[in-house]
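Report on the structure
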Amino acid sequence: MTDAVLVLNVGSSSVKLALYALDDVSAARLRGRVTGIGTRPEADIVDADGVALAPGPAAELAPKSSHPACLDALLAAVADDAAAYEVRAVGHRIVHGGRDHAEPVAIDDAVRDALEALTPLAPGHQPHNLAGVDAARKRWPEAIPVACFDTAFHRTQPRQAELFALPRAYADRGVIRYGFHGLSYEHIAAVAPDIVGEAARGRLIAAHLGHGASLCAMRDGKSVATTMGFTALDGLPMARRSGAIDPGVLLHLLQEDGMSPEAVADLLHNRSGLYGLSGVSDDMRDLLASDDPNAAEAVEHFCYRAAREIGGLAATLGGLDALVFTAGIGEHAAPVRARIVELCGWLGADLDPAANAADGPRISTADSTVSAWVIPTDEESRIARGARTVLQAGRT
Ligand SMILES: Nc1ncnc2c1ncn2[C@@H]1O[C@H](COP(=O)(O)OP(=O)(O)O)[C@@H](O)[C@H]1O
Ligand SMILES: CC(=O)OP(=O)(O)O
Ligand SMILES: [Mg+2]
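What you see is a predicted model; the values in this text were computed from it and never measured. (Residues numbered from 1 in each chain as written. Chains lettered and ligands numbered in written order. Predicted model: local features only at pLDDT ≥ 70, side-chain atom pairs only at ≥ 80, totals over all residues. Heavy atoms only, no water.)

1. As for the UniProt feature "site: Transition state stabilizer" (unreviewed entry) in the protein chain
UniProt records the feature "site: Transition state stabilizer" (unreviewed entry) for His181 and Arg241 in the present numbering. Lining the largest pocket, from the set of annotated residues above, are His181 and Arg241. Position of His181 relative to the elements: it lies in the loop between helix H6 (168-172) and helix H7 (182-196). Not counting residues within four places of it along the chain, the set of residues in contact with His181 comprises Arg93, Asp150, His208, Gly212, Ala213, Ser214 and Met228. With respect to the element layout, Arg241 can be found in the loop between strand E10 (222-226) and helix H8 (247-255). With relative accessibility at 7%, the residue Arg241 sits in the buried group. In this structure, Arg241 is in contact with Ser12, His125, His211, Gly212, Met228, Ala232, Leu233, Leu268, His269, Ser272 and Gly273, ignoring residues within four places of it in sequence. (UniProt positions renumbered as here; feature names shortened; annotations may be inferred. 1 Å grid on protein atoms, 1.4 Å probe; cavity = no way out; pocket = protein on both sides within 12 Å on 5 of 7 lines; lining within 4 Å. Helix = DSSP H or I, 4+ residues; strand = E, 2+ residues; numbered from the N terminus. Contact = heavy atoms within 4.5 Å. Buried < 20%, exposed > 50% of the residue type's maximum accessible area, 1.4 Å probe, protein only.)

2. Focus on the sheet that holds strand E12 (residues 371-374)
Read from one edge to the other, the open sheet built from five strands follows the order E10-E9-E8-E11-E12, with strand pairing classed as mixed. In this open sheet, the two strands that pair with only one neighbour each are E10 and E12. The sheet shows a mean angle of 25° between the axes of neighbouring strands, direction not considered. Sheet analysis places strand E11 (residues 322-326) next to E12, joined by four bridges and oriented parallel. Each bridged residue has a counterpart across the sheet, and for Ala322 the counterpart in E12 is Ser371. Of the strands in this sheet, strand E8 (203-209), strand E9 (213-219), E10 and E11 are in contact with helix H12 (residues 293-317), which crosses E9 at around 20°. (Pairing = 2+ DSSP bridges. Axes fitted to C-alpha atoms, helices over the stretch in contact; angles between N-to-C directions.)

3. What about the packing of aromatic side chains?
Scanning the entire structure with this criterion turns up one aromatic pair. When the ring centre of Tyr275 is taken as origin, the NZ or CZ atom of Arg240, which lies over that ring, is 3.8 Å away. (Phe/Tyr/Trp six-rings, centres within 6.5 Å; stacked < 30°, edge-to-face > 60°. Lys NZ or Arg CZ within 6 Å of the ring centre and 35° of its normal.)

And the structure:
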């Protein structure tokens, strides 16, 4: 039997799974995913060539509407195909690694407890991530579970980028800007030199615009600043999350309006962002297709905030060489990219509309002093690499 690494990537609106041969983690042998959980679930399971497995179990997965149901169904759906492999390690995307984790790590009971303790810092992700750990452990008890962290890539940020202007005792106990989507940014940093060229080693901003959305400023492929913070609630407005907001608004809601902390948390995590502002949908496809003026205003606000933050991050880099779009919206929503690039015209970005309509890879003109790109993310292949590294280190 072929030794293999299985990968689970549980996001806020999706569950993704991939299986790799241990000796080749560059291309998955099998991929399965359920996206749009909670709103418009869609599912597919494909082989190494991207061909849907037929007669596919995807049809049974598609209507699933909660993370645990999707996770169980996805694991069951691939069980027969995975049985042809000896799964040696299971790599998990774990959204919050706190201060202690800058690298992938094997998950023993102590590590699992420590990660569970971080749940209040990532309530929409960490419980689902850990449910994936438990479910995979039951199915593959011999395989080593490995945690690969969304926060790890940003541990290279300078102290100024991590600080909040609170009394310093807070930073000392870990109240700092961690940043997220690090596995996605690690992938972009790894592949950008081959696609973008020399500019990838200069001043680059990557825009991970998915259900969750953030930006990362990189110099020479390393994170130097990012928009998400202590939690994945900060920065850009997202599908359902508010993004950055005057903290005085929260005090007002708590102290003047008498809202409970739980109600405020629900407002900021689940009822805000594109969904709250539009009153139409949390899905960019619906907003772009809608003729409701509130949908148009929500899309414009998303682009405005992205461009405003790009300007801020460009200041931390002392200028900008390349802008990369990735994740669901970044890879597929041409009108959103066009508007953001247009708003970044002052930085030297100039859109090539035909290339943008074709989803890139280069979407800026030859004269553009800031080049703009679309690069599909692949968090799973990064997780596979991390899991393999931990597995092999354990062997020696
Ligand atoms: N063709 C498309 N056009 C516009 N937006 C899209 C398209 N496909 C996906 N999206 C957006 O991408 C989001 C999902 O992004 P994704 O990165 O897959 O999510 P997750 O954070 O759950 O991994 C959806 O909410 C939707 O708004
Ligand atoms: C950290 C985060 O927001 O992840 P996702 O985009 O998967 O929700
Ligand atoms: Mg995601």
